[in-house]
Amino acid sequence: MKFRVLNAALRRARRSALVVAAGLVLAPLAGVPAYAADPAVPAAVEGESDFAELGESTGVQRLRASAALAAVATPPTPVFGPSIDGYASYDAQDECDPTEKPGPVEMRAMLNRTYGFNRTGNITRACGNGGTSEHKEGRALDYMLDVNSSSERAIAEGVLDWLLATDRHGNKHANARRLGIMYLIWNRQIWSSSKADEGWRSYSGDNPHTDHIHFSFSWAGARKQTTWWTSGSVAGPVAPTVAYDQGDGTMRMYRWLSDGNSFNRTSDYDSGSFRLSAVGDRMASGDVDGDGRDDIVMAYQQPEGHFSYYVWRNGNSAASVWYNSGSFSLANVAGRLVLDDFNGDGKAEPAVAYDQGDGTMRIYRWLSDGNSFNRTADYDSGSFRLSAVGDRMASGDVDGDGKADIVMAYQQPEGHFSYYVWRNGNSAASVWYNSGPFGLTNVAGRLVLGNW
């Protein structure tokens, strides 16, 4: 963690470490010490008399220990713009509501996914047990990591470094602010958002927090109302997957992973009976269940006359059906399927543009509840010929409001083309660009949106 004593020498020492304890880092460790209670009164957390600057001897000890540790993975971080939450003020527990709030629950799940653990952590505490604690409001997390284990200590310090790092826009303590972290306690030290300029300080509470990191969340962080959950896109690096028709009524998804400089083959997915002729080009990716990892969605024309949305979680799980329509022909959709977070709830949902055959179109829309897609309000156009669009339809947050929008490239009869935008996928269309003479025939369906 970036204690005041973690200087350039420490960073050089970490970079020069040659021992990679990958097996130890990724495997859950047995014998984790049992939970121990936090300090009973708020003064033990925030009171100035309980803190002192770290001494040089502590820093030297940490330097020697860190030099032997390899870099560890950190949780996947969405891509954010420069806007960021302010520092969370200190708001001590003042009511009894020991139900797990979604922010700490998702933080625990994110740590478990990142490090291959299945640890329950401690989020709640009985109201009659001990003194003031955000655990009694379900907005604190004790994540068990042992300071005496070199691999677990490396994980803990990696997580804390990651939380308090400065982002690419120059925002200090960026991930802690975006997650709504109010304070952190680890290994006899505390960092408080309300006193961020003081850095890490000595902690003298009854529990030294040497067997777990304590995370306390603001109410906004606990309720997933901070920008970590409401803004940003799933973090890179991303990697490709292609769906291959094997010619026998089955398909294979060939998959790659990125190391930041190249794509490398990884395990593939083989279907049972699944005709890609019923899918065409209607395949998209996005985080439909809100777990921070992308999933694959295909719209499949069933022989009975309806269609289904098939979902492969994380791109390699067994397929599951998230939606079955009534009578519906995907021929009128062609390849116009997009998948994105149009309402800013952290989950991607599909939209398709349907040619109504009368010179108008409808954008059919769904929302995700994390396990299925559910119909929501559609958009009906006035005069708008999808034959002038073809498959040139894409989605992304073009106005920076944290919600995705739909863009189509439309060939005008006068010989130029226009970019039409539907904010959040359902507003009235607006023209964002008119070209000079330009034929989209040579573009075909090759339109993408990105943050370049």
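Everything numeric here is computed off the predicted structure, so don't read it as measured data.

## Focus on the overall build of the protein chain
Part 1 of the reasoning: The helix and strand tally for the protein chain stands at nine helices and 22 strands.
Part 2 of the reasoning: Taking all 452 residues of the protein chain together, 49% fall into the buried category.
Part 3 of the reasoning: A sequence separation of at least 24 residues applies to 57% of the contacts in the protein chain between residues at least 6 apart.
Part 4 of the reasoning: When the accessible surface of the protein chain is totalled, it reaches about 20,300 Å², and 50% of it is carbon and sulfur.

## Considering the nonpolar core
Part 1 of the reasoning: In this structure, M107, L145, L163, L179, L184 and F215 are the most contacted members of the largest nonpolar core, which totals 32 residues.
Part 2 of the reasoning: For this core, the secondary-structure elements that each account for two or more residues are α5 (102-115), β1 (140-144), α6 (150-164), α7 (174-179), β2 (181-186), β5 (212-217) and α9 (227-230).
Part 3 of the reasoning: A per-element tally of this core places α6 first, with seven residues.
Part 4 of the reasoning: Not counting chain neighbours up to four residues away, the residues in contact with M107 comprise L141, W162, L163, L179, F215 and F217.
Part 5 of the reasoning: Ranked by size, the runner-up nonpolar core spans 20 residues in total, among them F307, V311, L337 and Y354.

## Describing α6
Part 1 of the reasoning: In this model α6 runs 21 Å from its N-terminal to its C-terminal C-alpha over 15 residues, within 8% of the 21 Å that 1.5 Å per residue would give.
Part 2 of the reasoning: Taken across its 15 residues, α6 has 14 buried, putting it largely inside the fold.

## Things to note about the pattern of salt bridges
Part 1 of the reasoning: Taken as a whole, this structure holds 12 salt bridges when the rule is applied.
Part 2 of the reasoning: Measuring nitrogen to oxygen at the nearest pair gives 2.8 Å for the salt bridge that ties R313 to D289. One end of the pair, R313, is in the loop between β12 (306-312) and β13 (320-327); the other, D289, is in the loop between β10 (283-286) and β11 (295-301), and 24 residues separate them in sequence.
Part 3 of the reasoning: A residue is classified by how much of its surface remains accessible, and R313, at 28% relative accessible area, is partly exposed.
Part 4 of the reasoning: Of the charged contacts in the structure, one is a salt bridge between D380 and R362, with a shortest N-O distance of 2.6 Å. One end of the pair, D380, is in strand β18 (residues 379-380); the other, R362, is in strand β16 (residues 361-368), and 18 residues separate them in sequence.
Part 5 of the reasoning: Take D380: its relative accessible area is 41%, and that puts it in the partly exposed class.

## Considerations on the sheet that holds β10
Part 1 of the reasoning: Read from one edge of the open sheet, four strands run β10-β11-β12-β13, paired in antiparallel fashion. Each edge of the open sheet carries a strand with a single partner, namely β10 and β13. For this sheet, the mean inter-axis angle between neighbouring strands, taken without regard to orientation, is 20°.
Part 2 of the reasoning: As defined by bridge partners, β10 adjoins β11 across four bridges and the pair is classed as antiparallel.

## Notes on the confidence of the model for the protein chain
Part 1 of the reasoning: This prediction gives the protein chain a mean pLDDT of 85; 83% of its residues lie at or above 70.
Part 2 of the reasoning: For the stretch residues 1-70, pLDDT sits under 50, and the model shows 124 contacts to residues farther than four places along the chain or on other chains.

## A word on the sheet that holds strand β19 (residues 393-396)
Part 1 of the reasoning: Strand order in this open sheet of four strands is β19-β20-β21-β22, and the pairing throughout is antiparallel. At either end of the open sheet lies a strand with only one pairing partner, and these are β19 and β22 (430-437). Each strand axis lies, on average, 20° off the axis of its neighbour in the sheet, ignoring direction.
Part 2 of the reasoning: By the bridge criterion, six bridges tie strand β20 (residues 405-411) to strand β21 (residues 416-422) in an arrangement that is antiparallel. What sits directly across from A409, in β21, is Y419.

## Describing unusual backbone geometry
Part 1 of the reasoning: Even without being a glycine, H173 presents a positive backbone phi close to 50°.
Part 2 of the reasoning: Within the secondary structure, H173 is located in the loop between α6 and α7.
Part 3 of the reasoning: For H173, a relative accessible area of 14% puts it in the buried group.

## What to know about the packing of aromatic side chains
Part 1 of the reasoning: Scanning the entire structure with this criterion turns up 33 aromatic pairs.
Part 2 of the reasoning: Between Y300 and Y310, the ring centres sit 5.4 Å apart and the planes meet at 65°, which makes this aromatic pair edge-to-face. With a gap of 10 residues between them, Y300 in strand β11 and Y310 in strand β12 connect regions that are remote in the sequence.
Part 3 of the reasoning: When its relative accessible area of 7% is taken as the criterion, Y300 is described as buried.
Part 4 of the reasoning: On the accessibility criterion, Y310 (16% relative accessible area) is buried.
Part 5 of the reasoning: Between Y323 and W366 the ring centres are 5.5 Å apart and the planes differ by 75°, which places this aromatic pair in the edge-to-face class. Here the residue Y323 occupies a position in strand β13, and W366 occupies one in strand β16, the gap between them amounting to 43 residues. As far as the burial class goes, Y323 and W366 line up, both buried.
Part 6 of the reasoning: Each residue in the set F307, Y309, W322, Y323, F328, Y354, Y364, W366 and F373 is aromatic and connected to the rest through ring pairs, giving one cluster.
Part 7 of the reasoning: Above the face of the Y87 ring, R177 is positioned so that its terminal group lies 4.4 Å from the ring centre.
Part 8 of the reasoning: The cationic tip of R265 hangs over the ring face of W256; the distance from NZ or CZ to the ring centre is 5.1 Å.

## Some words on the pairing of strand β6 (residues 241-245)
The two faces of a sheet get side chains in turn, since along a regular strand they alternate between them.
Part 1 of the reasoning: Pairing of β6 with strand β7 (residues 251-258), which is carried by five bridges, proceeds in the antiparallel orientation. Bridging across to β7, A243 finds its partner in M253.
Part 2 of the reasoning: Remark: five residues form the turn of the hairpin made by β6 and β7, two consecutive strands paired antiparallel; G247 in that turn has positive phi of roughly 80°.

Cut-offs used in this document
Residues numbered from 1 in each chain as written. Predicted model: local features only at pLDDT ≥ 70, side-chain atom pairs only at ≥ 80, totals over all residues. Heavy atoms only, no water. Helix = DSSP H or I, 4+ residues; strand = E, 2+ residues; numbered from the N terminus. Buried < 20%, exposed > 50% of the residue type's maximum accessible area, 1.4 Å probe, protein only. Contact = heavy atoms within 4.5 Å. Areas by Shrake-Rupley, 256 points an atom, 1.4 Å probe, with all protein chains shown as cover. Core = buried A, V, L, I, M, F, W, Y, C linked by side-chain atoms within 4.5 Å. Expected span 1.5 Å × (residues − 1). Salt bridge = Lys/Arg side-chain N within 4 Å of Asp/Glu carboxyl O. Pairing = 2+ DSSP bridges. Axes fitted to C-alpha atoms, helices over the stretch in contact; angles between N-to-C directions. pLDDT = per-residue confidence, 0-100. Phe/Tyr/Trp six-rings, centres within 6.5 Å; stacked < 30°, edge-to-face > 60°. Lys NZ or Arg CZ within 6 Å of the ring centre and 35° of its normal.

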